[in-house]
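Chain by chain, the residues:
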Amino acid sequence: ALTAGIVGLPNVGKSTLFNAITKAGAESANYPFCTIDPNVGIVEVPDERLNKLTELVQPKKTVPTAFEFTDIAGIVKGASKGEGLGNKFLSHIRQVDAICHVVRCFADGNITHVSGKVDPIDDITTINLELVLADLESVEKRIGRVEKLAKQKDKDAVAEYEVLVKLKEAFEADKPARSVEFTEEQAKLVKGLHLLTSKPVLYVANVGEDEVADPTNNEYVQKVREFAKEENAEVIVICAKIEEEIAELEDDEKAMFLAELGIKESGLDQLIKAAYSLLGLATYFTAGVQEVRAWTFKKGMKAPQCAGIIHSDFEKGFIRAETVSYDDLMAAGSMTAAKEAGRVRLEGKEYLVQDGDIMHFRFNV
Ligand code: GDP
């Protein structure tokens, strides 16, 4: 499964956020195939559509889809030089698919900041610089290997060399790989380099308890937003401390607590949704009287691959899928009505599954 790593300088609230994630944790019995690792927190992906489908179908059981966050501890200045836990930190980042970068935006005098003052942009650039330096090193090594072949006009080497030089220039200007524009062909080469700064990023602005309902007056948050805008990255404002409290509440208590705070959706729920879509993930549903269930797939997957998420036999023996979009089903009011209205389609092997599709797979055993 794809996972998002939680990264940040010491004392910014990472552990507090990760605690909230583990406390909110998904019922593990539903996800036997998920990772069992103390650094991985598995949460349910909130989805209003699943509740509506449950009301409609009245199944015995409802199972949300899950998402994994990985706690990545130990960034220090100088990580790229292998200082402290540096190398370990970088290798952990290498294993995640996206980065949730937690930034301290709360001004609590009792909690020491590693560099002595609260300065979110300085914090962000400190970490980003370590990642850029690590990537610069990888790219320079690679240049050493292909340069000679490129000079001999080897076609593949020339193409790669061009990409590497472009990346090197970006890194030397402290810019991440994701900020560099490439053609489709080049993008494939970049992907093969497994760079740290190619990974998609979102920023988590951790604010004080009294600011989370309305962070407009928090100048740190404004700065993070401006910074993120230039990278086309999303910013989620949370108060990690409050999230930790919310994570222990039952659904109805949670709704009351959020209303009291003046918040529509918990920061953690916003973060889960944002990380999910940052990774290009989407949800399809299966809806039977036994079970209504949400399944995660990667956008661009075809029907047989999506069937394979449930069971590999479903993919091997795939014949076709009966499909109705969530909106069409809701508009019709029931599966029978949707069928009568001609909204339930028969789709074959080439069908690109859409977010919100309700799927019924037909397969040979
Ligand atoms: P980490 O080093 O990044 O994992 O940071 P921690 O989660 O251990 O948090 C460092 C300190 O900041 C702890 O004392 C937390 O209680 C405190 N802290 C974390 N989040 C918040 C917050 O949203 N508001 C306030 N006031 N303190 C927080």
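This is a predicted model, so every value here is computed, not measured.

Rules used throughout
Residues numbered from 1 in each chain as written. Predicted model: local features only at pLDDT ≥ 70, side-chain atom pairs only at ≥ 80, totals over all residues. Helix = DSSP H or I, 4+ residues; strand = E, 2+ residues; numbered from the N terminus. Rg over C-alpha atoms; globule rule 2.2 N^0.38 Å. Buried ≥ 20, exposed ≤ 12 C-beta atoms within 10 Å, placed from the backbone. Contact = placed C-beta atoms within 7 Å. Pairing = 2+ DSSP bridges. Axes fitted to C-alpha atoms, helices over the stretch in contact; angles between N-to-C directions. Near = placed C-beta within 6 Å. Nonpolar A, V, L, I, M, F, W, Y, C, P; charged D, E, K, R; others polar. UniProt positions renumbered as here; feature names shortened; annotations may be inferred. Parallel < 35°, antiparallel > 145°, perpendicular 65-115°, else oblique. Left-handed = near helix turned anticlockwise from the far one by under 90°. Domains from an automatic or database assignment. Core = buried A, V, L, I, M, F, W, Y, C linked by C-beta atoms within 7 Å. Expected span 1.5 Å × (residues − 1).

## Concerning the overall build of the protein
- Looking only at helices and strands, one finds 14 helices and 12 strands in the protein.
- Here the protein has a C-alpha radius of gyration of 23 Å; the compact-globule value for 365 residues is 21 Å, and the two agree.
- Taken over the C-alpha atoms alone, the protein extends approximately 60 × 60 × 35 Å along its principal axes.
- By residue count, 36% of the 365 residues in the protein fall in the buried class.
- A separation of at least 24 residues holds for 69% of the contacts in the protein among residues at least 6 apart in sequence.

## Comments concerning the sheet that holds strand β7 (residues 234-238)
- Strands sit in the order β2-β4-β1-β5-β6-β7 across an open sheet of 6 strands; the sheet is mixed. Single-partner strands in this sheet number two, and they are β2 (40-44) and β7. Each strand of the sheet is rotated relative to its neighbour by a mean of 25°, with strand direction disregarded.
- Inspection of the sheet shows strand β1 (residues 3-7) paired to strand β4 (residues 66-71) by 4 bridges, in the parallel sense. For G5, the partnering residue across the bridge sits in β4 and is T70.
- Seen against the sheet, helix α4 (residues 120-151) touches β1 and β5 (98-104) and runs at an angle of roughly 145° to β5.

## Looking at the environment of M330
- Within the secondary structure, M330 is located in helix α13 (residues 326-332).
- On the basis of neighbour counts, which here come to 16 C-beta atoms within 10 Å, the residue M330 falls in the partly exposed class.
- Put simply, M330 and A134 are 196 residues apart on the chain and 50 Å apart in space, counted from C-alpha to C-alpha.

## Description of the site of the ligand
- Close to the ligand lie 17 residues, the nearest being G13, K14, S15, T16 and A240.
- Counting residues per element, the ones that place at least two in the shell around the ligand are α1 (14-24) and α8 (240-246).
- In terms of residues, the shell around the ligand owes the most to one element, α1, which gives 3 residues.
- Split into classes, the residues belonging to the shell around the ligand amount to 6 nonpolar, 7 polar and 4 charged.

## With respect to the UniProt feature "binding site: ATP" (unreviewed entry) in the protein
- The sites that UniProt annotates as "binding site: ATP" (unreviewed entry) are N11, V12, G13, K14, S15 and T16.
- Locating K14 in the fold gives a position in helix α1.
- Ignoring any residue separated from it by four or fewer positions in sequence, one finds K14 in contact with I6, G8, D71 and V102.

## Side note on the pairing of strand β8 (residues 281-287)
- When you tally the buried positions in β8, you get 6 out of 7 residues, the bulk of the element.
- As judged from the 7 bridges shared by β8 and strand β9 (residues 291-298), these two strands associate in the antiparallel manner. Bridging from a neighbouring strand, L281 pairs with K298 of β9.
- Where β8 hands over to β9, the hairpin turn is made up of 3 residues, counted between the paired strands.

## Looking at the packing of α4 against helix α7 (residues 219-230)
- The geometry of α4 relative to α7 is characterised by a closest axis approach of 9 Å and an angle of 40° between their N-to-C directions. The pairing of α4 with α7 is recorded here as oblique in orientation. In this structure, α4 uses P120, I121 and I124 to contact α7, whose residues at the interface are Y220, K223, V224 and F227.
- Looking at the contact of α4 with α7, its residues break down into 6 nonpolar, no polar and 1 charged.

## A short note on the packing of α4 against helix α5 (residues 155-172)
- Between α4 and α5, the least distance of the axes is 9 Å, while the angle of their chain directions is 150°. Comparing their axes, α5 and α4 come out roughly antiparallel. Every pair of crossing elements has a handedness; the one defined by α4 and α5 is left-handed. Here V132, D135, L136, V139, E140, R142, I143, V146, E147, L149 and A150 of α4 come into contact with α5, specifically with A157, V158, E160, Y161, L164, L167, K168 and F171.
- Here the residues of the contact of α4 with α5 are counted per class, giving 13 nonpolar, no polar and 6 charged.

## A look at the domain arrangement of the protein
- Domains assigned within the protein are domain 1 (3-46 + 59-117 + 199-278), domain 2 (127-197) and domain 3 (300-363).
- Opposite the 12 residues of domain 1 that make contact, domain 2 presents 9 residues.
- Tallying contributions element by element places helix α3 (residues 86-94) first for the side of domain 1 that touches domain 2, with 3 residues.

## Some details on the pairing of β9
- Looking at chain direction, strand β3 (residues 61-63) and β9 are connected through 3 bridges and run parallel. Bridge pairing links K61 to E291 in β9.

## A look at the nonpolar core
- Judged by nonpolar contacts, the single largest core of 91 residues is most densely connected at C100, V103, V204, A205, I238 and A275.
- The contacts of A275, once residues within four sequence positions are left out, are A4, F67, A98, C100 and L202.

## Thoughts on helix α10 (residues 267-278)
- Compared with the 16 Å implied by 1.5 Å per residue over 12 residues, the 16 Å span of α10 between its first and last C-alpha is a close match.
- One or two steps after α10, the chain reaches G280, where phi turns positive at roughly 75°.

## Comments concerning unusual backbone geometry
- With a phi close to 65°, N11 is a non-glycine residue in the positive phi region.
- The topology assignment puts N11 in the loop between β1 and α1.
- Of the residues examined, N11 has 13 C-beta atoms within 10 Å and is grouped as partly exposed.
- Its identity as a non-glycine residue notwithstanding, Q58 has a phi of 50°, on the positive side.
- Its place among the elements puts Q58 in the loop between α2 (48-57) and β3.

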